[in-house]
Amino acid sequence: MKPIAGRSVTFVTCVADLARYQRLRLSLELLRNGALAVESDPVENLSNRYTAAQALNIGWNRARSDIVVFCHDDVIFPPAWLEHLQSMIAVVEEAPGEAPWAVLGPMGRRGKQFFGRASGQNGAESFFGPLPARVETLDELCLIVPRNLPLRFDEGLGGFHLYGVDLCIQAAEAGFSCFAIDARCQHDSETRHRPPEYHAVKRRLQRKWMFRRRNIGRSVGTTCGRIRFGLFEGWI
Ligand SMILES: [Mn+2]
């Protein structure tokens with residue numbers, strides 16, 4: 001890969017709410033981008049015609065940058081975010097003995113432990129270090145990938161949940177690493193409850209990985225809870 005300072009970045013967002021997206025867009029315009037070339041590529045989804053995976057794959061497939069950042073439309077980036085990203089990528093790529101990275105994000109989980117840094121609606125910051133940290137899964141609020149990663153979001157899962165968890169599992173199965181990084185963004189998520197759709201997607205994810213896992217264990221920790229892949233887990 002090129003030195004991080006010379007890489008370009010595209011921000012891809014599945015836009016379900018224009019007011020939220022305007023705030024995100026403003027934060028992207030205010031990013032101090034140094035040597036990085038930055039562009040924003042919203043995928044309009046006001047009428048819900050796409051699932052999250054479909055919308056984000058549209059952006060991934062039309063991106064031409066070195067790095068793609070996928071984020072919720074209710075995320076706001078602080079002005080120095082790209083500088084944090086740049087220094088975290090440098091640390092991850094210089095770490096000895098690690099598999100190449102596939103997915104990075106500001107919040108993730110390994111086993112029972114959270115790793116990352118983010119702030120919520122009230123501005124309260126969560127920090128779980130040390131960072132960067134290798135994780136099993138990352139939260140969908142923000143996912144960072146090399147554009148030429150030979151993977152895509154699984155459009156068979158449907159809905160708007162767990163597509164990042166699935167991408168992290170795909171990455172592990174393909175021999176890549178995923179890391180939580182110290183690159184805080186603000187997530188103005190309104191709800192913490194899991195809608196019925198979450199459980200339907202979770203069952204599809206469990207069925208998908210029940211028998212075809214080689215590198216991941218019998219369960220993964222996610223920022224929404226533990227997902228087990230044992231026989232019958234997908235049906236209960
Ligand atoms: Mn959100």
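Reading the values: rules and limits
- Residues numbered from 1 in each chain as written.
- Predicted model: local features only at pLDDT ≥ 70, side-chain atom pairs only at ≥ 80, totals over all residues.
- Helix = DSSP H or I, 4+ residues; strand = E, 2+ residues; numbered from the N terminus.
- Buried ≥ 20, exposed ≤ 12 C-beta atoms within 10 Å, placed from the backbone.
- Contact = placed C-beta atoms within 7 Å.
- Pairing = 2+ DSSP bridges.
- Core = buried A, V, L, I, M, F, W, Y, C linked by C-beta atoms within 7 Å.
- Expected span 1.5 Å × (residues − 1).

(A) Layout of the overall build of the chain. The helix and strand inventory of the chain stands at five helices and 15 strands. Counting across all 236 residues of the chain, residues that qualify as buried make up 41%. Nonlocal contacts in the chain, meaning residues at least 24 apart in sequence, comprise 80% of its contacts between residues at least 6 apart.

(B) Fine view of the pairing of strand S8 (residues 125-128). One ladder, built from four bridges, connects strand S7 (residues 113-119) with S8; its direction is antiparallel. Paired with Ala118 across the bridge in S8 is Ser126. Counting the residues that bridge the hairpin from S7 to S8 gives five residues, and of these Gly123 lies at a positive phi of roughly 85 degrees.

(C) Layout of the environment of Arg32. Looking at the secondary structure, you find Arg32 in the loop between helix H1 (18-29) and strand S2 (38-44). Ignoring sequence-local partners within four residues, the contact set of Arg32 consists of Pro79, Ala80, Leu82 and Glu83.

(D) Structural context of the nonpolar core. Ranked by internal contacts, the top residues of the largest apolar core, which has 63 residues, are Val12, Leu56, Val69, Val103, Ile144 and Cys168. It is helix H4 (residues 163-173) that contributes the most residues to this core, seven residues altogether. Contacts of Cys168, omitting those with residues within four sequence positions, involve Val103, Glu136, Thr137, Leu138 and Cys178.

(E) Quick peek at the environment of Val75. Structurally, the position occupied by Val75 is in strand S4 (residues 75-76). Accessibility expressed as a C-beta count within 10 Å gives 24 for Val75, which makes it buried. When near neighbours in sequence (up to four residues on either side) are disregarded, Val75 contacts Leu24, Leu141, Cys142, Cys185, Gln186 and His187.

(F) Region of interest: H1. Between its terminal C-alpha atoms H1 stretches 16 Å, which fits the 16 Å expected from twelve residues at 1.5 Å a residue. Residues of H1 that are buried in the fold lie against strand S1 (9-15), S2 and S4.

(G) Fine view of the pairing of S1. The buried fraction of S1 is high, at six of seven residues. Alignment of S1 against S2, held across seven bridges, turns out to be parallel. For Cys14, the partnering residue across the bridge sits in S2 and is Val43. Here S1 runs beside strand S3 (residues 67-71); their pairing, made up of five bridges, is parallel. Residue pairing for S3: Val9 is matched across the bridge by Ile67.

(H) Highlighting the environment of Glu136. Position of Glu136 relative to the elements: it lies in the loop between strand S9 (133-134) and strand S10 (137-138). Once residues lying within four places of it in the same chain are set aside, the contact partners of Glu136 are Arg109, Arg110, Cys168, Ile216, Val220 and Gly221.

(I) Inspection of unusual backbone geometry at higher detail. Of note, the bond from Gly129 into Pro130 is cis; its omega dihedral lies within 30 degrees of zero at -5 degrees. With respect to the secondary-structure elements, Pro130 resides in the loop between S8 and S9. The amide bond that connects Leu131 to the next residue, Pro132, takes the cis arrangement and shows omega of 0 degrees. Among the secondary structure elements, Pro132 is positioned in the loop between S8 and S9. Of note, Asn48 is a non-glycine position whose phi angle comes to about 60 degrees, a positive value. By the element assignment, Asn48 lies in the loop between S2 and helix H2 (52-62). The backbone of Leu162 shows a phi angle near 65 degrees, a positive value even though the residue is not glycine. Of note, Leu162 is situated in the loop between strand S11 (142-146) and H4.

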